[in-house]
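Secondary and tertiary structure notes
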Amino acid sequence: MSKISVFVIMLSMAFWGYAQPSGIQICLNSLGFLPQSEKKATVLANESFEFQLIDVKTNRVVFSGKTSSALWQEDVDASACIADFSAFETPGTYRLEIPGRARSVDFRIGPDVYNAAFYTTMRAFYLWRCGTAVSGEHNGVKYEHAACHLNDGYEDYIGNPGSRRDGTKGWHDAGDYGKYTVNAGITVGMMFLAWELFQDNLKTVKLDLPETAPGYPDYLKELKWETDWLLTMQYPDGSGRVSHKLTRTKFAPFIPAETDSAKRYFTDWSSAATADFVAMMAQAARYFKPYDQVYAGVCLQAAWNSYRFLKENPENKGFVQGDFSTGGYQTADPDDRLWAAAELWETTGDPEVLADFERRAKALNAGIHEDWDWGNVSNLGMFTYALSGRSGKNPEILAKVNRNIVAVASKIVENSRADVFGRPLVRYYWGCNGTVARQVINLQVANRIAPDKKFETTSLAAIGHLFGRNIYNRSYVTGLGINPPMNPHDRRSGSDQAEQPWPGYLVGGGQSATGWNDVQEDYITNEIAINWQGALVFALGGFISLP
Ligand code: 9MR
Ligand code: 9MR
Ligand code: ZN
């Protein structure tokens, strides 16, 4: 990071220091609030205070109240109380104040408070595009790189030493430039599910993308960039096997994408990658079909091909790193195979595929996970099954899946209610901010099956936590909200001239409640990644409002 960025950090610290003269902090969702939603701020203080909501334009007090009493919070080692101003619903721009003691950042109340963040976080996928030049602007700063990784990829590790085949396109995985099928799986799976649930709104969203998929709505256009690459991960021999990843053997240093010229290889296949591929291709076939029959047909064909291979080869085949030390994403395949069957059945209605899914669902006890990431995608399969309008489902299994979806979502609601920052996840680990966003999927699916306002409230609490209602009083998303991350572990941000990092990216978060470091070297807590980002896009996508 440059001297300038150090200066900016100090300047912003000085500013926030000024804003919190007493050391009391008012932490809230800095993106703002929907008019009819719950509105809570967490006040870091040892005692209860009167608080005021002030209209920033007029400087008038429009609402006032008293916080809850202060309680000691073990995990963050601080006392906190809650300011609840849910009753106030008038759109505008406001701040909260404890007179003479503390004030919050300015924030909005309005139906469209999440629109801009949705745009920026979804555009972040476009900026992640590999195999092409990308450029964008955010808050007046330009971000760009020339076309990268045009030699993807070499076939040495799939039996054709020295030969090269087109494996360009797709998104970089994270702060590194690799491309990994398993992590694409959960990401694309969540993003298609967002389309399934919110397409009425998503259809009209403009993302200002280049014309890479004529006739597609912008949201799907971005997903097609990834599926174009994924199609190249299927072995060229027609067997249906799918390479686990396409990367260099070792991670690149912090250099711009277009100067990263080491050879990148299609690697050996894994059964989890192959199953995730089936699921993604089945989804692509179904959701792209109205816009592109031919491509949808290609995707469906590819899905069947790999599905048949997996049927004939039922044993788990893990990925072995061998010469590679890039991301592992090693995972056993039962959940991936279940998800594959769910999506292929939903697309085709094939009764044998349904039977395959239901056998697997039974074996997993129709279980739903409260806390899940790339290593376990069974939720995606269960959700697709539960939401499907197709007939023929086994009523017992369906009832159990539905029951579990609602029970787990209710547990997530309880977690959030018990946490002073509304955080719905009870654990901390590498990438847990992504899981906080991902739990919104559990909540939104439950809300379809058994509608209840509490699922929506907790979804917004999850978003609020990521955008400032946390112990740091900071947004976890670059370029958005209060005092956002400045030093993400991102090779583009770390190797360009701009002091601001590339915009719209969620960082992974601490391995404990107070363990986040906004330091570039700290990839465990401050990297960015598509599987966290896709969850955030889903979370925001449920709350945008379009004219
Ligand atoms: O930069 C890499 C990051 O993208 C990965 O998530 C992380 C874990 O696999 O590894 C990082 O690379 C580090 C490597 O593993 C060890 N040497 C330092 C590298 C960071 O620059
Ligand atoms: O998100 C992954 C996390 O769950 C793992 O614990 C970690 C170590 O294997 O890897 C993370 O994924 C990284 C991947 O291996 C390489 N690209 C960057 C990813 C995010 O840090
Ligand atoms: Zn690239």
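All of the points below concern the structure found in this document. Just so you know, these numbers come straight off a predicted model, no measurement behind them. Note that residues are indexed from 1 along each chain, following the sequence as it is written. Labels follow written order: the first chain is A, the first ligand is 1, and so on. In keeping with the model being predicted, local features are shown solely for residues with a pLDDT of at least 70 and side-chain atom pairs are shown and tallied solely at 80 or more, while totals for entire chains, interfaces and linings include all residues. In computing side-chain values, all of the structure's heavy atoms are included and hydrogens and water are not.

**Topic: the overall build of the protein**
Helix and strand labels come from DSSP, where a helix needs a run of H or I of at least four residues and a strand needs a run of E of at least two; each type is numbered from the N terminus. The secondary structure content of the protein amounts to 15 helices and 14 strands. Only C-alpha atoms enter the radius of gyration, while the globule expectation follows 2.2 Å times N to the 0.38, with N the number of residues. Over its C-alpha trace the protein gives a radius of gyration of 23 Å, about what one expects of a compact globule, namely 24 Å for 547 residues. In terms of its C-alpha atoms, the protein occupies a principal-axis envelope of roughly 70 × 55 × 45 Å. Here's how the labels work: a residue is buried when its accessible area is under 20% of the maximum for its type, exposed when over 50%, partly exposed in between, all with a 1.4 Å probe on protein chains only. In the protein, buried positions account for 61% of the 547 residues. Residue contacts follow a heavy-atom distance rule, with two residues in contact if any of their heavy atoms lie within 4.5 Å. Excluding contacts between residues fewer than 6 apart, the proportion of contacts in the protein whose partners are at least 24 apart in sequence is 71%. Looking at the protein as shown, the accessible area adds up to about 20,200 Å², and 52% of this sits on carbon and sulfur atoms. When charges are counted, Lys and Arg are positive and Asp and Glu negative, with His and the chain ends excluded. Charge placement uses NZ in Lys and CZ in Arg. For Asp and Glu, CG and CD serve respectively. In the protein, 52 positive and 61 negative side-chain charges are present, and the distance between their average locations comes to 2 Å. Using a 1.4 Å probe, accessible areas were evaluated by the Shrake-Rupley method; residue-level cover was limited to the displayed protein chains.

**Some points on the site of ligand 2**
Here, proximity means that at least one heavy atom of the residue falls within 4 Å of the molecule or strand. In the vicinity of ligand 2, the residues found are D173, A174, D176, Y180, G327, Y329, W374, W430, E527 and W532. Pairs of N or O atoms within 3.5 Å make up the polar contacts considered here, provided that, within protein, one atom can donate a hydrogen while the other can accept it, and that residues adjacent in sequence are counted only when both atoms are side-chain atoms. One of the side-chain N or O atoms of D173 is found 3.0 Å from a nitrogen atom in ligand 2. When ligand 2 sits alone it has 450 Å² of accessible area, and the protein chains cover 78% of it. A per-class count over the shell around ligand 2 returns six nonpolar, one polar and three charged. Charged means Asp, Glu, Lys or Arg here, nonpolar means Ala, Val, Leu, Ile, Met, Phe, Trp, Tyr, Cys or Pro, and polar covers whatever is left, Gly included.

**Concerning the pairing of strand β10 (residues 134–138)**
Side chains V134, G136 and H138 project from β10 onto a buried face, and the interleaved S135 and E137 project onto a face without burial. Summarising the sheet, β10 and strand β11 (residues 141–145) pair through five bridges and their orientation is antiparallel. Bridging across to β11, V134 finds its partner in H145. Between β10 and β11, which pair antiparallel in sequence order, lie two residues; one of them, N139, sits at a positive phi of approximately 50 degrees. Paired strands are those between which DSSP finds at least two bridges.

**As for the packing of aromatic side chains**
When two rings of Phe, Tyr or Trp (its six-membered ring) have centres within 6.5 Å they constitute a pair, described as stacked for plane angles under 30 degrees, edge-to-face for angles over 60, and tilted for the intermediate range. In this structure the tally under the stated criterion is 34 aromatic pairs. Here Y472 and Y476 contribute two aromatic rings whose centre-to-centre distance is 6.2 Å and whose plane-to-plane angle is 80 degrees, an arrangement assigned as edge-to-face. Exposure remark for Y476: the relative accessible area of 5% places this residue in the buried category. Through a chain of ring-to-ring contacts, the aromatic side chains of F192, Y216, Y287, F288, Y291 and Y295 assemble into a single cluster. In this structure, R165 is placed above the aromatic ring of F266, and the distance from its NZ or CZ to the ring centre is 4.1 Å. Any Lys NZ or Arg CZ that is within 6 Å of a ring centre and within 35 degrees of that ring's normal is treated as a charge sitting over the ring. In this structure, K393 is placed above the aromatic ring of Y385, and the distance from its NZ or CZ to the ring centre is 5.5 Å.

**Digging into the packing of helix α6 (residues 293–312) against helix α7 (residues 334–348)**
The N-to-C vectors of α6 and α7 enclose an angle of 135 degrees; their axes lie 11 Å apart at closest approach. With respect to each other, α6 and α7 are oriented oblique. Of the two possible hands of crossing, α6 and α7 adopt the one that is left-handed. Contacts between α6 and α7 involve L300, A303, W304, Y307 and L310 from the first element and R337, A341, L344, T347 and T348 from the second. Residues of the contact of α6 with α7, tallied by class, amount to seven nonpolar, two polar and one charged. Here the axes come from fitting lines to C-alpha atoms, over the contacting stretch only for helices, and the angles between their N-to-C directions go from 0 to 180 degrees. What sets the label is the angle itself: under 35 degrees gives roughly parallel, over 145 gives roughly antiparallel, 65 to 115 gives roughly perpendicular, and the rest give oblique. When the near helix sits turned anticlockwise from the far one by under a right angle, the crossing is termed left-handed; a clockwise turn instead gives a right-handed crossing.

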